[in-house]
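# A structural walkthrough
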Amino acid sequence: MDNPDETSPPPGPEIDSLASFDAAVASGSLTGHRVQSIDLTDRGAALLAADTAGAVFLGCRMGPEAAAKVRADGAFVFPPVPGLPFDPYRGLLYTPDALYEGLAGGGYPATPDARAYRWFQQTRANGDTFASMLRALHDDAVSDALDEFLTGAAVVGVMGGHATARGSAPYAAAARLGRTLSRDGLTVATGGGPGAMEAANLGAYAAPHPDPVLDEACALLAAAPSFTPSVTDWALAAFDVRRRWPGGGGSVSIPTWFYGHEPPNPFADRIAKYFANALREDGLLSRSTAGVIFLPGAAGTVQEIFDNATPNYYGSLGGPTPMVLVGRAHWTRALPAWPLLRALAAGRAMEPRIALVDTVDEAPGALARLSARP
């Protein structure tokens, strides 16, 4: 029988910056704190003076004297892993600049995003339990950072295919959708890839700017309509738009290295990139608390529709969230997901939370109506 007196102390606050570390030290103690991926080599004196009993240091660089002292205090120290193209202990979400560092000088192959994908390709099937552990640590840290970032946000997911080309009418429509949703006070979240996903993040980025900016940005991006044959040219065009119109609106993207042929689009200001695609897909849908809009897509979008429908059907995450499918012909004839979704919803709590509309411009109104229904 377990001893009822043996209980774990509650974890202390998480520290993911030097400023928050300094504030915690000034308060007198680091006991129980979780310190994530900070370079503490210049904070040796503070570590030697502070009480660090029960603290956890995840990937923090520190001098040997400080490291020995905090271990002697009873702290847990998980050292940095040399030679990795990513930080498995990271405490913050990625930014476009972080994933595309070195793009202008060495092209896409030189970026951390491309190097992480190459590492993944080399280790995903070699049976190395250490590599598997590092991927799991990384993805858990990303999930934790994503939850912290989205606290209190009304998140609407926008799903759609990666094949939607810049310069096309569907791309422009998806961009207008992202702009409208952002201006309505919602946080746009996408799968983070190219095509319709990029367009929705672009629209959110353009939301604070005058309306003509979005049209001008779409026109500039059309010069590199796809990430093939050159991811470098495709990404540089996006960063050119960001430089021309700085101060864009925020949004979130949740891509994966599992589909390494799909680079992350640079228009979301926060990027939660995963190695495990299943974690990424479930995380994106479960965090879309204000509903999901499904633009025309192929197999991936069909999967996302029913991944979203399942918890709505069973009520496993609470009350059902709105689902709006865009494109009557697409979802009733080309890929008839709508009749099956409607049949599943019949007579259940999710029935008044689903809608099919003809055009992208109708989607925000449909989402608002579904959200208002009792």
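Definitions and limits used
Residues numbered from 1 in each chain as written. Predicted model: local features only at pLDDT ≥ 70, side-chain atom pairs only at ≥ 80, totals over all residues. Heavy atoms only, no water. Helix = DSSP H or I, 4+ residues; strand = E, 2+ residues; numbered from the N terminus. Rg over C-alpha atoms; globule rule 2.2 N^0.38 Å. Buried < 20%, exposed > 50% of the residue type's maximum accessible area, 1.4 Å probe, protein only. Contact = heavy atoms within 4.5 Å. Areas by Shrake-Rupley, 256 points an atom, 1.4 Å probe, with all protein chains shown as cover. Pairing = 2+ DSSP bridges. Axes fitted to C-alpha atoms, helices over the stretch in contact; angles between N-to-C directions. Expected span 1.5 Å × (residues − 1). Parallel < 35°, antiparallel > 145°, perpendicular 65-115°, else oblique. Left-handed = near helix turned anticlockwise from the far one by under 90°. Nonpolar A, V, L, I, M, F, W, Y, C, P; charged D, E, K, R; others polar. Right-handed = clockwise from strand over helix to strand, strands pointing away. Core = buried A, V, L, I, M, F, W, Y, C linked by side-chain atoms within 4.5 Å. Salt bridge = Lys/Arg side-chain N within 4 Å of Asp/Glu carboxyl O.

### Things to note about the overall build of the protein
Each helix and strand in the protein was counted, giving 16 helices and 11 strands. Expected size for 374 residues packed as a compact globule is a radius of gyration near 21 Å; at 23 Å, the protein falls within 12% of this value. Scored against the burial criterion, the 374 residues of the protein give a buried share of 50%. Taking all contacts inside the protein whose residues are at least 6 apart in sequence as the whole, residues at least 24 apart take part in 62%. In the form shown here, the protein has an accessible surface area of approximately 16600 Å², with 56% of it arising from carbon and sulfur atoms.

### A closer look at the sheet that holds strand β8 (residues 270-271)
With parallel pairing, the 7 strands of this open sheet are ordered in space as β8-β7-β6-β5-β9-β10-β11. Among the strands making up the open sheet, the edge pair consists of β8 and β11 (354-357). Sheet topology places strand β10 (residues 323-326) next to β11; 4 bridges connect them, and they run parallel. Note on β11: the bridge partner recorded for Val324 is Ala355. Of the strands in this sheet, β5 (155-159), β6 (187-190) and β7 (252-253) are in contact with helix α9 (residues 196-206), which crosses β6 at around 160°.

### Topic: helix α8 (residues 169-183)
Across its 15 residues, α8 extends 21 Å between first and last C-alpha, which sits within 8% of the 21 Å expected from 1.5 Å per residue. Taken together, the buried positions of α8 are Tyr171, Ala173, Ala174, Ala175, Leu177, Gly178, Arg179, Leu181 and Ser182. Elements in contact with the buried residues of α8: β5, β6, α9, α10 (212-221), β9 (292-294) and α16 (363-372). A positive phi of about 90° marks Gly185, the residue just after α8.

### So, the packing of helix α6 (residues 112-123) against helix α7 (residues 129-150)
Packing of α6 against α7 brings their axes to within 10 Å, and their N-to-C directions diverge by 140°. Comparing the axis directions of α6 and α7 gives the class oblique. The handedness of the crossing between α6 and α7 comes out as left-handed. Side by side, α6 and α7 meet where Trp119, Phe120 and Thr123 of the first sit next to Ala131, Leu134 and Arg135 of the second. In terms of residue class, the contact of α6 with α7 is built from 4 nonpolar, 1 polar and 1 charged.

### Examining the packing of α8 against α10
In the contact formed by α8 and α10, the axes pass within 11 Å of each other and the chain directions differ by 140°. Put simply, α8 runs oblique to α10. α8 and α10 meet at a crossing whose hand is right-handed. Residues Tyr171, Ala175, Arg176 and Arg179 of α8 pack against Leu214, Cys218 and Leu221 of α10.

### Focus: the sheet that holds strand β4 (residues 76-78)
If you trace the 4 strands from one edge of the open sheet to the other, you get β1-β2-β3-β4, paired in parallel fashion. Every other strand in the sheet has two partners, leaving β1 (14-15) and β4 as the edge strands with one partner each. As paired strands, β1 and strand β2 (residues 34-36) are joined by 2 bridges and run parallel to one another. Paired with Ile15 across the strands is Val35, a residue of β2.

### Here we look at the side chain of His138
Take His138: it is sitting in helix α7. Contact partners of His138, with chain neighbours within four places excluded, come to Phe86, Asp87, Pro88, Arg90, Tyr94, Trp257, Lys273 and Phe275.

### Some points on the environment of Ser316
With respect to the helices and strands, Ser316 occurs in the loop between α13 (299-314) and β10. The sequence separation of Ser316 and Gly250 amounts to 66 residues, and the corresponding C-alpha distance is 30 Å.

### Description of the pairing of β10
Of the two faces of β10, the one holding Met323 and Leu325 and the one holding Val324 and Val326 are both buried throughout. Inspection of the sheet shows β9 paired to β10 by 3 bridges, in the parallel sense. Following the sheet pairing, Ile293 is matched in β10 by Val324. You can see the chain leave β9, run along α13 and come back into β10, and the turn it takes is right-handed.

### Examining the nonpolar core
Counting 51 residues, the largest nonpolar core has Tyr100, Trp119, Leu146, Ile305, Met323, Leu325 and Leu341 as its most contacted members. When residues in this core are grouped by element, the largest group, 6 residues, is from α7. With sequence-adjacent residues up to four places away left out, Trp119 is seen in contact with Leu84, Pro85, Phe86, Ala131, Leu134, Arg135 and Phe275. Listed in part, the 40 residues of the second largest apolar core include Leu177, Ala290, Val360 and Leu370.

### Structural notes on the pattern of salt bridges
For side chains of opposite charge, pairing can occur when their charged atoms come near one another. Going through the model one piece at a time under the given rule, you end up with 11 salt bridges. When the shortest N-O distance is used, the salt bridge between Asp361 and Arg176 registers 3.5 Å. With Asp361 in the loop between β11 and α16 and Arg176 in helix α8, the pair connects residues that are 185 residues apart, well separated along the chain. Given the relative accessible area of 51%, Asp361 is considered exposed. Take Arg176: its relative accessible area is 30%, and that puts it in the partly exposed class. Salt-bridge contacts for Arg270 lead to Asp269; the nearest nitrogen and oxygen are separated by 3.9 Å. Here Arg270 falls in the partly exposed class, since its relative accessible area comes to 30%. Judged by its relative accessible area of 24%, Asp269 falls in the partly exposed class. Through salt bridges with shared partners, one network takes in Arg179, Arg183 and Asp211.

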